[in-house]
Amino acid sequence: MDNREAVSAFLRSRRARITPEQAGLPAYGQRRVPGLRRGEVATLAGVSVEYYTRLERGNLKGVSDSVLDALAHALRLDDTERMYLYDLARAAGPAPGARTRQRALRPTVRPSVARIVEGMPELPAYVMNNRLDTLAANPLGRALYSEMYADAACGANVARFAFLNPAARRFYTDWERMARFAVGALRIEAGKNPHDRALTNLIGELSTRSDAFRVLWGSHDVHVFRESTKRLNHPLVGALELDQETMSLPDESGLSVVVYSAPPKTAAEDALMLLASWSATTGRGQDAESTSKPSTRQP
């Protein structure tokens, strides 16, 4: 398996979105396709047309950092896109050994990390890998995502929930933004680890079963959201506006701890307290479909 198709599609998509005027080049001749021509990108990057054509055909093997920087500048890549380009170039090298792949594909949650997540009973928290699998969650985290955990077909995967469960479009008030995040995050991971079979299978499944995913995947956009305000519509406690922090673990596992919080003295804080009370009463992992709306009486 190589990543030539991903490289080619990414470079072509970035080239297509830039006009000659944006690049400071004179526009001449009739253009059959939008964006810059290959020769114009080559000129901006300071390489020959033949060499750039080789790159756009998907061959990034052995490309120097200086050429990647010049290419990123010519294509006006942002920081996330530049990182993705570098990941594609690194992945174009020799395939990692089987032992390295196995270790990278199956990270485990360290007991100390699990204790940290469990030790925040008033904040929804979970551990997520780069494929958007939630590997561990505290009771309030499971209560917040009760609909995802109730759907065994999701496999506790945020992307599957977002694209394959109809409830997600109500749960995520900003569903379109969530969808772009999920697709962009998976594309970044695919750039880093093109040999990850589980990731490839997930992308293939979503592409086959979701038109929305297939369209977004075809845009070749990449996104990283480390902190944001998440607007949710929970089936039990209603509207929630929560602050989300995503903290990557300082190791090579690719795991992150995701924590939600509500500003003090807000309706969202009251709703989280109510959800925590419901979670403690019904028990960890209770499916949303088998529960009723909790009482509005404060504990």
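Bear in mind the structure is a predicted one, so any value in this text is a computation, not a measurement.

Definitions and limits used
- All residue numbers here refer to positions counted from 1 along the written sequence of the relevant chain.
- In keeping with the predicted nature of the model, local features appear solely for residues at pLDDT of at least 70, side-chain atom pairs appear and are counted solely at 80 or more, and the whole-chain, interface and lining totals rest on all residues.
- In computing side-chain values, all of the structure's heavy atoms are included and hydrogens and water are not.
- Secondary structure elements are taken from DSSP: a helix is a run of H or I of four residues or more, a strand is a run of E of two residues or more, and numbering for both begins at the N terminus.
- The cut-offs for exposure are 20% and 50% of the maximum accessible area for each residue type, with area from a 1.4 Å probe on protein chains only; residues under the lower value are buried, those over the upper are exposed, and the others partly exposed.
- Whether two residues are in contact is decided by their heavy atoms: any pair within 4.5 Å suffices.
- Two strands make a pair as long as DSSP finds a minimum of two bridges between them.
- Here, a salt bridge means any side-chain nitrogen of Lys or Arg that lies within 4 Å of a carboxyl oxygen of Asp or Glu.

Caption draft 1: Examining the side chain of Glu56 more closely. Position of Glu56 relative to the elements: it lies in helix H4 (residues 49–56). Judged by its relative accessible area of 1%, Glu56 falls in the buried class. Apart from residues no more than four positions distant in its own chain, Glu56 is found in contact with Ser8, Leu11, Arg12, Arg15 and Arg38.

Caption draft 2: Quick peek at the pairing of strand S2 (residues 134–137). Sheet analysis places strand S1 (residues 125–128) next to S2, joined by three bridges and oriented antiparallel. Bridged to Tyr126 within S2 is Ala137. From the end of S1 to the start of S2, which pair antiparallel, there are five residues, and Leu132 there has a positive phi angle of about 70°.

Caption draft 3: Layout of the pattern of salt bridges. A complete count under the given rule lists 15 salt bridges for this structure. The residue Arg38 makes a salt bridge to Glu56 at a minimum N-O spacing of 3.0 Å. Of this pair, Arg38 sits in helix H3 (residues 38–45) while Glu56 is found in helix H4, placing the two residues 18 residues apart along the sequence. On the basis of relative accessible area, Arg38 is assigned to the partly exposed category, the value being 29%. Via salt bridges that share partners, Arg14, Arg17, Glu81 and Asp221 belong to a single interconnected network.

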